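Here is what each chain is made of, one letter per residue.
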Amino acid sequence: MIRSTFTLCLWLSVLLLTSAVIGVDAKTYETIQGRSCFRSMKGMLDSMRDLVKLYPDLMSITNIGESYLKNNEGRKFGNYDIPKGGYDIYVVKITDSNSSRKSQQKGKMLVTSGVHAREWAPPELLARYIETLANGYDSNADITWILQHTEIHAVLYVNPDGRWMAEEYPELYWRKNMNPNGGGSCGDAYGTDINRNFDFNWGDRAGASNNPCDSDYHGKSRESEPETKALADYAKTLFPPSQRKNDPEAEMNKPFGEKNTGMYIDIHSSGGYVYYPWGHKDAKSPDDEALQALGRKIHHYNKYKLWAGSQPDFLYEASGDSSDYLYAVMGVASLGFEIGDDFQQKCNSFESDVVPINMPALIFAAKIAQRPFKEVKGPDVSDIQAMNKNGNIQVSAHVSDSEMVNDIRALPDFQTGKQKIAKVLVYVDVHPDDAKPSDASWAMQPSRRRLESEDTSSAARTRSIDCAQFRKRKKCKRAGGRGVCEWSRKERKCLAKKTGSSGNTGSSGNNGSSGNNGSSGNNGSSGNNASSGNNGSSVEFNSGDENVRLTFDSSGLSPGRHTLYIQATDSDGYNGPVSSEFVEVRQRQRETSLRGSKNPFD
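Cut-off values and rules
Residues numbered from 1 in each chain as written. Predicted model: local features only at pLDDT ≥ 70, side-chain atom pairs only at ≥ 80, totals over all residues. Heavy atoms only, no water. Salt bridge = Lys/Arg side-chain N within 4 Å of Asp/Glu carboxyl O. Helix = DSSP H or I, 4+ residues; strand = E, 2+ residues; numbered from the N terminus. Buried < 20%, exposed > 50% of the residue type's maximum accessible area, 1.4 Å probe, protein only. Pairing = 2+ DSSP bridges. Phe/Tyr/Trp six-rings, centres within 6.5 Å; stacked < 30°, edge-to-face > 60°. Lys NZ or Arg CZ within 6 Å of the ring centre and 35° of its normal.

S.K.: Give a detailed account of the pattern of salt bridges, specifying residues and quantitative values.
M.R.: Across all of its chains, the model carries 24 salt bridges by this definition. Between R128 and E351 there is a salt bridge, with the nearest N and O atoms lying 2.9 Å from each other. With R128 in helix α4 (residues 121-136) and E351 in helix α10 (residues 347-367), this pair connects stretches of sequence that are 223 residues apart. Judged by its relative accessible area of 34%, E351 is partly exposed. Close ionic contact of R371 with E375 constitutes a salt bridge, the shortest N to O distance being 2.8 Å. On the accessibility criterion, R371 (27% relative accessible area) is partly exposed. Overall, E375 belongs to the buried group, its relative accessible area being 6%. Put simply, R39, E124, R128, E131 and E351 are held in one network by salt bridges that share partners.

Here's what the structure looks like:
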């Protein structure tokens, strides 16, 4: 087979990151014939090994198992060659190995692709995610803290034997592994569907077949395939045994609760769906509140339909699949993506439609891997902006309990998005998870004004929003108005909020130097006084969707780069995901924009 090559361009340096990155673009990697955007399995593994050499403190590659043909003879008849000798199955781990957190203290996220061999795009998307994380470390604030607090484990090819067939003979659309299952009656449709072979609800005929010739054949027994067992055994090393059930199938209706840790994502194609348990039946899981909130928030980024029990877009049952298994047996938050619109995705649509919407979704999932069942229910922080002005750090952001989780117009608003914002705290150079009682935090105030980007020749300007453009109430309050607009029931249209004595002036406001002094608990020349910094009792929010702002004295900060961490809490006490931003403090304070590495995913 004749193959093409391409130079691996680190597209993410332009598309995702604001800082220049150094990558593995000096070498060419083999691609799938006719698809210059998709590295072949050989080219992919070569590029990952080169990336590990470039980032030895962030990345490693480990052999976690072997494919069927590695230890078994394959089919000796038929019109097509088969891969000789089989393959090893590898996992790529990416985390900051030099962070103060040890492995057992870090959140774990397992991501898989290449389960169904004919789906070309998933391994490439996962590889781009790995590259985004590696290249974004120390230049993007969110990626930096994610890798300091989390381990991402990526299995690019769960089914390498089948992948060889799919690349070598694309006309076969090979899906399963290469186990001939003892017979030749299936022609070139033999093999076991790895995604029907996991040890949870295995063999349920409603969601799998016992016919070896069918595309969803479940195999001879639970975890009969070496590929399935390799992934299951590796997952058991990542996620704590203490959070598992004694008998997952008998206890499937018992909720895990909110204390469990870990995230699992399985990437497939195609159709544009996000799926989460249950998949083996059209019914809600006992932890549906958290898992549905997770699916809804992923939809906020990629706009995929929800394929899950009790949802209107539930297509069909899938028994013995990895998503149900990782949730029911390992106790982790589990979901899957069905990306794109073709098994052999076209390059132009992959680059323009698939990658940009799914990369931020994967970043979001990594943020909550430590406490997914809990943090997914809290408010989200976006649009962080910061500037250094007259010796003060000014920070603004948008926080919402509802915007992401209620982004599906066809579905009713969800219960986790109905709470008010209770508080929004800023931490400097210490992640909220690492904060000690002696570490300061500052309470952000509600504000109708947002900081705007400014260059060295212009002053800060308030965002100009034409409220009349929003014809629907939700758009007026959430996605469009961002707290600047309000819905008039009487006039049935979107209007600008009225200003008055209850606004952001005086002791509780955010204007000038008085914005965070006095009773709001942010006074002190250094801006690092712990006893005053943690007092947010004077802050009161009126909704679940707010613009917030804070000004604090930067004279106590050393010259150089600092990290601002922002976390919001709702009125039910749920902390949401942490968002962050870099700011630079210069020795001589000058009025200049310090937006740092702008978060490219907001």
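S.K.: Account for unusual backbone geometry, with residues named and values stated.
M.R.: Following S269, the chain continues into S270 via a peptide bond in cis, with omega recorded as 15°. Mapped onto the secondary structure, S270 falls in the loop between β8 (263-269) and β9 (273-275). Here the amide bond leading from P277 into W278 is cis, since omega sits at 0°, within 30 degrees of zero. Position of W278 among the secondary structure elements: in the loop between β9 and α8 (288-302). With a phi close to 55°, D383 is a non-glycine residue in the positive phi region. By the secondary structure assignment, D383 is in strand β12 (residues 380-389). D383 gets classed as buried once you look at its relative accessible area, which sits at 18%. Residue N390 is not a glycine yet carries a positive backbone phi of 55°. Tracing the backbone through its elements, the reader meets N390 in the loop between β12 and β13 (392-400). With a relative accessible area of 63%, N390 lands in the exposed category.

S.K.: Describe the pairing of strand β19 (residues 545-553), naming the residues involved and giving the relevant values.
M.R.: Counting buried residues in β19 gives 8 out of 9 residues, a clear majority hidden from the surface. The pairing of β13 with β19 spans 9 bridges and is antiparallel. Directly across from H398, in β19, lies its bridge partner N547. Across 2 bridges, strand β16 (residues 445-446) lies against β19 in antiparallel orientation. Residue pairing across strands places P446 opposite V548, the latter belonging to β19.

S.K.: Tell me about the packing of aromatic side chains, and please be specific about residues and values.
M.R.: Considering all chains together, one arrives at 13 aromatic pairs under this definition. Centre to centre, the rings of Y80 and Y169 are 4.8 Å apart; their planes meet at 70°, and the pair counts as edge-to-face. Of the two residues, Y80 sits in the loop between α3 (68-71) and β5 (88-94) while Y169 sits in the loop between α6 (160-168) and α7 (226-238), which places them 89 residues apart along the sequence. Overall, the relative accessible area of 27% leaves Y80 in the partly exposed class. Aromatic pair W278 and Y327: ring centres 5.3 Å apart, planes at 65°, arrangement edge-to-face. With a gap of 49 residues between them, W278 in the loop between β9 and α8 and Y327 in helix α9 (residues 322-328) connect regions that are remote in the sequence. Across this residue pair, the class does not change: W278 and Y327 are buried. An aromatic cluster is built from F200, F256, W278 and Y327, whose rings are joined through pairwise contacts. Positioned over the ring face of Y90 is R49, at 5.4 Å from the centre of the ring. We note R561 situated over the ring of F582; from NZ or CZ to the ring centre the distance is 3.7 Å.

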